[in-house]
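What the coordinates show
Chain residues, written in single-letter form:
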Amino acid sequence: MFHVKKGLDFTASHEGLVVGIFEKPEKFTGELAELDGKFDGQLTELVKSGDLSAKLKSITKVHTFGKISAKRIYFVGLGKEKDLSFEKLRAALGRVFKQLKVNKQGETAVYLDTFVSEALDSLDAAHALSEAMALSTYQFDGYKQKSNEPEKRLEKVTVYASAADEVDVQASLTVGYAFGKATNSARTLVNTPGNLLTATDLANYASELGAKYNFEVEILDKAEIEKLGMGAFLAVNKGSVEPPKMIVLKYQGKDEWTDVIGLVGKGITFDTGGYSIKTKAGIVGMKTDMGGAAAVLGAMEIIGEIRPEQNVVAVIPSTDNMISGGAFKPDDVITSMNGKTIEVLNTDAEGRLVLADAVTYAKHHGANYLVDVATLTGGVITALGLHTTGAMTNHDGLYEQVLEASVEAGEQMWLLPLFETEKERVRNSKVADLNNSPGSEGHALVAGAFIGEFTEGTPWVHLDIAGTATTSKDYDLGPAGATGVMTRTLALFVERFEPIEK
Ligand code: BES
Ligand code: ZN
Ligand code: ZN
């Protein structure tokens, strides 16, 4: 896919050459000046006349008419050098790779040095480049009968780099590509409809992932789940003909099984709402209710690739939430794995139920830190919109680490409060220890507070991705549909994790 070469070879033939350009280059410098020289200074003229914009993310295609052996140059505007961040660079590169895809180019070259700034070296640029390329050219093929014309895909990218060691650049490209590819795996899981991705299918996928990366795999079937007393998880599955699966993957990167990070992902393959049934409009799209599970599996894929010195246990409770004569109902009282009883007031508040037992089970596997990810509430969309993941925590230090990872990944999140008032609301039941839905005010907060009841003092961060797991519009780094959100944040969090002093 990526071939790294030292220096810039104007005689090599390429379908395209991708070149970065910063705003206000009084004149082109370095190899850009050399390139300009090949055009007798006409590139400088284009900039002056405004035909070649360096505005962030503007793409200008220039034909070379044989002045150099590449057929066309794609100039990518990078804005002012001092303002360029990793995220902006990645978005700009995403946009140009999208353009290459539209133009059906199977091959291109990139001049990496032109994307380097004071804050971002060639290794950062290489990571941004390969990640952007994987993300922005993603497509979910769906299930339409194939047309005869084979889709032409960008398959070969030559990366010219002079500023750094080729081996280091190649390594950075490989890592960035792994981050992008794993995000795409998460996207595909989320885009796949519920009839084609049951809990059993998700478990099989996880098993294959585990086999590929040498993770320890444990898939609990219904009988084992019953034996362990996961009554909250089982309640949600009761209306289904599909058996539930509790999916566990373990990655041990340290000598001892200590400082274990538990990643818990909601894996509801379809959410009808159960007897508290969703509306005709509200039910469409509920195949994406396993977005948390997908993010955790995506993160595990990256972890399998980069193999950090960390210990991770991934726990995914998976089932659909269906209706039948056997389904659970409002007013039912159920008993969770840790013994707490729960009054069910709303069967559509099923995510917190399956996560309750998953959190308990992650602790059974030795998790000392917990991060759960879930398409949990419509309430988080009301609170934060469609571009920001809602977070909650019982430990500021742990949250700080998750937040830092999210900034690096370019995935926005915002901390919502976990007050006693909301804890009291989920503890308010006449017949049980907890209730799963104490009324519609502050949905997102009570959902998080409910899960918090099962962490029992373990540092924990909760991420509600109901708004961010999917998007209705194409964007620089991908098409409409699943975003794969939190895959990269979780992986970076794990990679950089520093155990918290007790
Ligand atoms: N899966 C939904 C949340 C959701 C909503 C995800 C929109 C993606 C997009 C969740 O299980 C749910 O139904 N939540 C309810 C909770 C309520 C019944 C307490 C909600 O937020 O409306
Ligand atoms: Zn629901
Ligand atoms: Zn749900």
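As a starting point, this report considers the structure included with it.

1. Observations concerning the site of ligand 1
Close to ligand 1 lie 18 residues; Lys278, Asp289, Asp348, Glu350 and Gly378 are nearest. A distance of 2.9 Å separates an oxygen atom of ligand 1 from a polar side-chain atom of Glu350. Between ligand 1 and Thr375 there is a distance of 3.4 Å, counted from a nitrogen atom to a backbone nitrogen or oxygen. Here ligand 1 loses 85% of its free accessible area of 520 Å² to cover by the protein chains. Grouping the amino acids of the shell around ligand 1 by side-chain chemistry returns four nonpolar, seven polar and seven charged.

2. What about the pairing of strand E18 (residues 460–464)?
Among the five residues in E18, five count as buried, and that is most of the element. Of the two faces of E18, the one holding Trp460, His462 and Asp464 and the one holding Val461 and Leu463 are both buried throughout. The sheet contact formed by strand E14 (residues 367–374) and E18 spans five bridges and is parallel. Each bridged residue has a counterpart across the sheet, and for Ala374 the counterpart in E18 is Asp464. Of the pairings in the sheet, the one linking strand E15 (residues 389–393) to E18 comprises four bridges and is antiparallel in character. When the bridges of E18 are listed, Met392 appears paired with His462.

3. Section: the packing of helix H10 (residues 291–306) against helix H16 (residues 487–496)
Contact geometry for H10 and H16: axes closest at 8 Å, N-to-C directions at 45°. It follows that H10 is oblique to H16 by the angle criterion. Read as a crossing pair, H10 and H16 show a hand that is right-handed. For the pair H10 and H16, the contacting residues are Ala294, Ala295, Val296, Gly298, Ala299, Ile302, Ile303 and Ile306 in the first and Thr487, Arg488, Leu490, Ala491, Val494 and Glu495 in the second. When the residues that make up the contact of H10 with H16 are grouped by side-chain class, the tally is ten nonpolar, two polar and two charged.

4. Comments concerning the coordination of the zinc ion (ligand 3)
On the protein side, the zinc ion (ligand 3) has Lys266 (NZ), Asp271 (OD), Asp289 (OD) and Glu350 (OE) as donor atoms, found 2.0 to 2.4 Å from it. Around the zinc ion (ligand 3) sit six donor atoms; with metal-centred angles ranging over 77 to 170°, the donor geometry is octahedral. On the primary sequence, the residues serving as donors to the zinc ion (ligand 3) are separated as K-x4-D-x17-D-x60-E. Between the zinc ion (ligand 3) and the zinc ion (ligand 2), a separation of 3.2 Å is found, and both are coordinated by Asp271. Note that Lys266 is positioned in the loop between strand E9 (260–265) and strand E10 (267–271) and Asp289 in the loop between helix H9 (280–283) and H10, a separation of 23 residues in sequence.

5. Here's the deal with the coordination of the zinc ion (ligand 2)
Taken together, the protein ligands of the zinc ion (ligand 2) are Asp271 (OD), Asp348 (O), Asp348 (OD) and Glu350 (OE), with distances of 2.0 to 2.2 Å. In this structure, the zinc ion (ligand 2) is surrounded by six donor atoms whose angles at the metal cover 72 to 167°, and the resulting shape is irregular. Read from N- to C-terminus, the donor residues coordinating the zinc ion (ligand 2) fall into the pattern D-x76-D-x1-E.

6. Focus on the side chain of Thr64
Inspection of the secondary structure puts Thr64 in the loop between strand E3 (59–63) and strand E4 (70–77). Looking at Thr64, its side chain comes within polar contact range of the main-chain oxygen of Lys71, at 3.0 Å. With sequence-adjacent residues up to four places away left out, Thr64 is seen in contact with Phe39, Ala70, Lys71, Arg72 and Ile73.

7. Quick word on the sheet that holds strand E13 (residues 341–343)
Taken in spatial order, the three strands of this open sheet run E12-E13-E17, and their pairing is mixed. Each edge of the open sheet carries a strand with a single partner, namely strand E12 (333–335) and strand E17 (434–435). Pairing of E12 with E13, which is carried by three bridges, proceeds in the antiparallel orientation. Each residue of the ladder has a partner; that of Thr335, found in E13, is Thr341.

8. Points about the environment of Thr137
With respect to the element layout, Thr137 can be found in the loop between helix H4 (122–136) and strand E6 (156–161). For Thr137, a relative accessible area of 13% puts it in the buried group. For the pair Thr137 and Phe97, spaced 40 residues apart in the sequence, the C-alpha separation amounts to 6.7 Å. A polar contact of 2.7 Å, which involves the side chain of Thr137, links it to the backbone oxygen of Met133.

9. A few points about the pattern of salt bridges
Opposite charge on two side chains allows them to pair when their charged atoms are near. Inspection of every chain in the model, using the stated rule, returns 21 salt bridges. One salt bridge in this structure joins Glu441 and Arg425, with 3.5 Å as the shortest N-O distance. Here Glu441, found in the loop between E17 and helix H15 (443–452), pairs with Arg425, found in helix H14 (residues 420–426); they are 16 residues apart in sequence, far enough to count as distant. With relative accessibility at 21%, the residue Arg425 sits in the partly exposed group. Via salt bridges that share partners, Arg90, Glu131, Glu411 and Arg488 belong to a single interconnected network.

10. Overview of helix H5 (residues 166–191)
If you check H5, its first and last C-alpha atoms are 37 Å apart, about what 26 residues at 1.5 Å a residue would give, namely 38 Å. The N-capping residue of H5, defined by a side-chain oxygen 2.9 Å from the backbone nitrogen of Val167, is Asp165.

11. Looking at the packing of H5 against H10
Their axes nearest at 8 Å, the elements H5 and H10 cross at an angle of 155°. What the angle tells us is that H5 and H10 run roughly antiparallel. Seen from above, H5 lies across H10 with right-handed handedness. Within the contact between the two elements, H5 uses Val175, Ala178, Phe179, Lys181, Ala182, Ser185, Ala186, Leu189 and Val190 and H10 uses Gly291, Ala294, Ala295, Leu297, Gly298, Glu301, Ile302, Glu305 and Ile306.

12. Here we look at the environment of Ala54
By secondary structure assignment, the location of Ala54 is in the loop between helix H2 (42–49) and E3. Of the residues examined, Ala54 reaches a relative accessible area of 9% and is grouped as buried. When the C-alpha positions of Ala54 and Met1 are compared, they lie 28 Å apart, and in sequence the two are 53 residues distant. Discounting chain neighbours no more than four positions away, the residues touching Ala54 are Ile21, Phe22, Glu23, Gly77, Leu78 and Gly79.

13. Quick word on the sheet that holds strand E5 (residues 107–111)
The sheet built from six strands is open, its strands ordered E1-E6-E5-E2-E4-E3 with mixed pairing. Of all the strands in the sheet, the pair left with one neighbour each is strand E1 (2–6) and E3. Neighbour-to-neighbour, the strand axes of this sheet turn through a mean angle of 25°, independent of strand direction. As defined by bridge partners, E1 adjoins E6 across five bridges and the pair is classed as parallel. Paired with Phe2 across the two strands is Val157, which belongs to E6. Taken strand by strand, helix H3 (residues 86–102) contacts strand E2 (14–21), E3, E4 and E5, and its axis lies near 145° from that of E4. This element, H4, spans E1, E5 and E6 of the sheet and lies at about 150° to E1.

What counts and how
Residues numbered from 1 in each chain as written. Chains lettered and ligands numbered in written order. Predicted model: local features only at pLDDT ≥ 70, side-chain atom pairs only at ≥ 80, totals over all residues. Heavy atoms only, no water. Near = heavy atom within 4 Å. Polar contact = N/O pair within 3.5 Å; in protein donor to acceptor, adjacent residues only side chain to side chain. Areas by Shrake-Rupley, 256 points an atom, 1.4 Å probe, with all protein chains shown as cover. Nonpolar A, V, L, I, M, F, W, Y, C, P; charged D, E, K, R; others polar. Buried < 20%, exposed > 50% of the residue type's maximum accessible area, 1.4 Å probe, protein only. Helix = DSSP H or I, 4+ residues; strand = E, 2+ residues; numbered from the N terminus. Pairing = 2+ DSSP bridges. Axes fitted to C-alpha atoms, helices over the stretch in contact; angles between N-to-C directions. Parallel < 35°, antiparallel > 145°, perpendicular 65-115°, else oblique. Left-handed = near helix turned anticlockwise from the far one by under 90°. Contact = heavy atoms within 4.5 Å. Donors = N, O, S within 2.8 Å, 3.2 Å for Na, K, Ca; no water. Tetrahedral: all angles 85-135°; square planar, octahedral: opposite > 155°, others 65-115°. Salt bridge = Lys/Arg side-chain N within 4 Å of Asp/Glu carboxyl O. Expected span 1.5 Å × (residues − 1).

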